[in-house]
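Results of the structural survey
Residues per chain, in single letters:
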Amino acid sequence: MPAEWEPHEATWLAWPHNEEDWPGRFEPIHWVYGEIVRKLSQVERVRILLQNDEVEYTARNVLEKCGAQWEAIEFYPMPTDRVWARDFAPLFVKSATEIAAVKWRFNGWAKYPNHLRDEAAGQAIPLLVKTDFWQPGVVLEGGSVDVNGAGLLLTTEECLLSPIQSRNPDLSRTEIETALSDYLGIDRVLWLRNGIVGDDTHGHIDDLARFTDSNTVVIVTEQDRSDPNYEPLLENLEILSHYPVLTRKLPMPAPLYFDGQRLPASYANFYIANKMVLVPTFNDPNDRIALNVLAECFADRQVTGINCVELVWGLGTLHCMTQQQPA
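Scope of this entry: the structure provided in the associated data block. These numbers come from a predicted model, not from an experiment. (Residues numbered from 1 in each chain as written. Predicted model: local features only at pLDDT ≥ 70, side-chain atom pairs only at ≥ 80, totals over all residues. Heavy atoms only, no water.)

**Focus: the overall build of the chain**
- The number of helices and strands found in the chain is nine helices and 18 strands.
- Whereas a compact globule of 327 residues would reach a radius of gyration of roughly 20 Å, the chain reaches 18 Å, a difference of no more than 12%.
- Along the first, second and third principal axes, the C-alpha set of the chain runs to 50 × 45 × 40 Å.
- Restricting the contact set of the chain to residue pairs at least 6 apart, pairs at least 24 apart contribute 76%.
- Accessible surface for the chain amounts to roughly 13,000 Å². Of this, 49% is attributable to carbon and sulfur atoms.
- In the chain, which carries 27 positive and 47 negative side-chain charges, the distance between the mean positions of the two groups comes to 3 Å. (Helix = DSSP H or I, 4+ residues; strand = E, 2+ residues; numbered from the N terminus. Rg over C-alpha atoms; globule rule 2.2 N^0.38 Å. Contact = heavy atoms within 4.5 Å. Areas by Shrake-Rupley, 256 points an atom, 1.4 Å probe, with all protein chains shown as cover. Lys, Arg positive; Asp, Glu negative; His and termini not counted. Charge placed at Lys NZ, Arg CZ, Asp CG, Glu CD.)

Right under this line is the structure:
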């Protein structure tokens with residue numbers, strides 16, 4: 001599996017349609033998507049799954065007003081349950097001469113029963129682009145793993161090994177590592193412990209720690225000792241220090257709540273596109289610090305913030321909603 005910073009043919013998205021994912025705050029989400037697609041369409045193709053004709057009408061209207069590059073946009077009629085393409089879409093792999101896809105099973109994060117349309121959409125994507133694909137029969141979401149393109153993979157025990165929201169209760173750590181090796185070309189799995197507070201997925205790595213090059217990992221840290229994230233993030237930082245990678249720290253934004261619920265706001269949920277890195281921001285003083293750190297990590301790309309205060313109420317942001325298809 002190539003690293004996210006390697007050249008893309010396209011980014012896959014699903015246009016928002018499920019109001020229950022953003023109760024009371026659904027209307028602004030279209031415009032957040034419009035801005036994201038506007039940015040992405042400047043640097044690569046954007047392939048968008050559409051629930052129905054009404055959703056397509058909305059998407060076209062929003063993208064027209066936002067100034068998206070139409071020549072880079074492709075629409076595909078395809079019903080989904082939600083929009084988190086990172087988790088239900090296949091993970092693409094490549095050799096020196098060809099691209100293929102691995103369609104892991106998606107079971108709604110072992111939590112939501114309404115996931116069958118997402119699972120079907122993920123199976124359809126390789127067919128839409130006429131790409132060979134394998135189905136390992138193992139449950140795995142794209143947001144639970146991050147790779148450096150040179151054989152290393154980051155993940156958490158909380159997501160892949162915990163009995164809570166258990167994806168593969170019959171598989172051992174060794175069996176999971178074997179599947180990752182067989183289907184993604186992984187030589188070594190770097191296990192961290194727990195994800196961030198408020199993460200509905202129970203420990204996805206893409207809110208916690210990410211590769212920025214083949215040797216470097218950025219990891220979020222919390223300075224407030226009274227915050228429930230403080231100890232778990234400190235533990236992960238210590239674990240990471242024993243792996244063969246360089247480490248850079250990202251801050252956490254101040255806790256973000258809506259309707260009494262803590263939201264999984266994290267700067268680690270950035271998305272690396274061709275010539276560009278989109279970073280979630282939260283109207284927080286640490287936005288500037290996070291953008292500066294990532295600008296140093298990706299000196300050859302435009303690093304730009306996307307206001308995700310509304311989007312994160314759906315319990316995900318930029319990395320969660322995107323899935324890259326490598327060139």
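**Re the environment of Leu192**
- Structurally, Leu192 is set in strand β9 (residues 188–192).
- Judged by relative accessible area, which is 0%, Leu192 ranks as buried.
- The spacing of Leu192 and Glu158 is 34 residues in sequence and 8.4 Å in space, taken between C-alpha atoms. (Buried < 20%, exposed > 50% of the residue type's maximum accessible area, 1.4 Å probe, protein only.)

**Overview of the pattern of salt bridges**
- Inspection of the entire model under this criterion finds 21 salt bridges.
- Across the pair Arg60 and Glu56 runs a salt bridge, and its minimum N-O distance is 2.9 Å. Here the residue Arg60 and the residue Glu56 both occupy positions in helix α2 (residues 53–66), the gap between them amounting to four residues, near one helical turn.
- For Arg60, a relative accessible area of 39% translates into the label partly exposed.
- Between Glu141 and Arg167 there is a salt bridge whose closest N-O contact spans 2.9 Å. (Salt bridge = Lys/Arg side-chain N within 4 Å of Asp/Glu carboxyl O.)

**As for helix α7 (residues 230–240)**
- Every buried residue belonging to α7 is among Tyr230, Leu233, Asn236, Leu237, Ile239 and Leu240, and all of these are buried.
- Among the structural elements, β8 (152–156), β9, β11 (216–220) and β12 (246–250) are those in contact with the buried residues of α7.

**Brief notes about the nonpolar core**
- The biggest cluster of nonpolar side chains holds 110 residues, and the ones touching the most others in it are Trp15, Leu184, Leu192 and Leu311.
- The dominant element in this core, judged by the number of residues it contributes, is helix α1 (residues 29–40), at six residues.
- Discounting chain neighbours no more than four positions away, the residues touching Leu184 are Met1, Leu91, Val93, Val102, Trp104, Leu153 and Ala179. (Core = buried A, V, L, I, M, F, W, Y, C linked by side-chain atoms within 4.5 Å.)

**Section: the packing of aromatic side chains**
- A full pass over the atoms with the stated rule returns 12 aromatic pairs.
- Measuring from centroid to centroid gives 5.6 Å for Trp15 and Tyr33, while their planes differ by 65°, and the two rings are edge-to-face. Of the two residues, Trp15 is situated in the loop between β1 (8–14) and α1 and Tyr33 in helix α1; the sequence distance between them amounts to 18 residues. Both residues of the pair, Trp15 and Tyr33, count as buried.
- Geometrically, the ring pair formed by Trp109 and Tyr112 is edge-to-face, given 5.9 Å between the ring centres and 90° between the ring planes.
- Overall, Trp109 belongs to the buried group, its relative accessible area being 4%.
- Assessed through its relative accessible area of 22%, Tyr112 is described here as partly exposed.
- Chaining the aromatic ring pairs together yields one cluster made of Phe88, Phe106, Trp109 and Tyr112.
- Looking at Arg173, its charged tip hangs above the ring of Trp191, at a distance of 4.8 Å from the centre. (Phe/Tyr/Trp six-rings, centres within 6.5 Å; stacked < 30°, edge-to-face > 60°. Lys NZ or Arg CZ within 6 Å of the ring centre and 35° of its normal.)

**Description of the sheet that holds β11**
- Across the sheet, which stays open at both edges, the three strands sit in the order β10-β11-β12 with mixed pairing between neighbours. Looking at which strands have only one partner, the edges of the open sheet turn out to be β10 (209–213) and β12. Averaged over all adjacent pairs, the angle separating strand axes in this sheet is 30°, with direction ignored.
- Here β10 pairs with β11 via four bridges, running antiparallel. Note on β11: the bridge partner recorded for Ala209 is Ile219.
- Contacts from α7 reach β11 and β12, with the element oriented near 165° to β11. (Pairing = 2+ DSSP bridges. Axes fitted to C-alpha atoms, helices over the stretch in contact; angles between N-to-C directions.)

**Points about the side chain of Glu119**
- Mapping Glu119 onto the fold places it in helix α4 (residues 116–128).
- When near neighbours in sequence (up to four residues on either side) are disregarded, Glu119 contacts Lys103, Trp104, Arg105 and Phe106.

**Digging into unusual backbone geometry**
- Phi angles above zero are rare outside glycine, and Ala110 is one such case at about 55°.
- Mapped onto the elements, Ala110 comes out in the loop between β5 (99–102) and α4.

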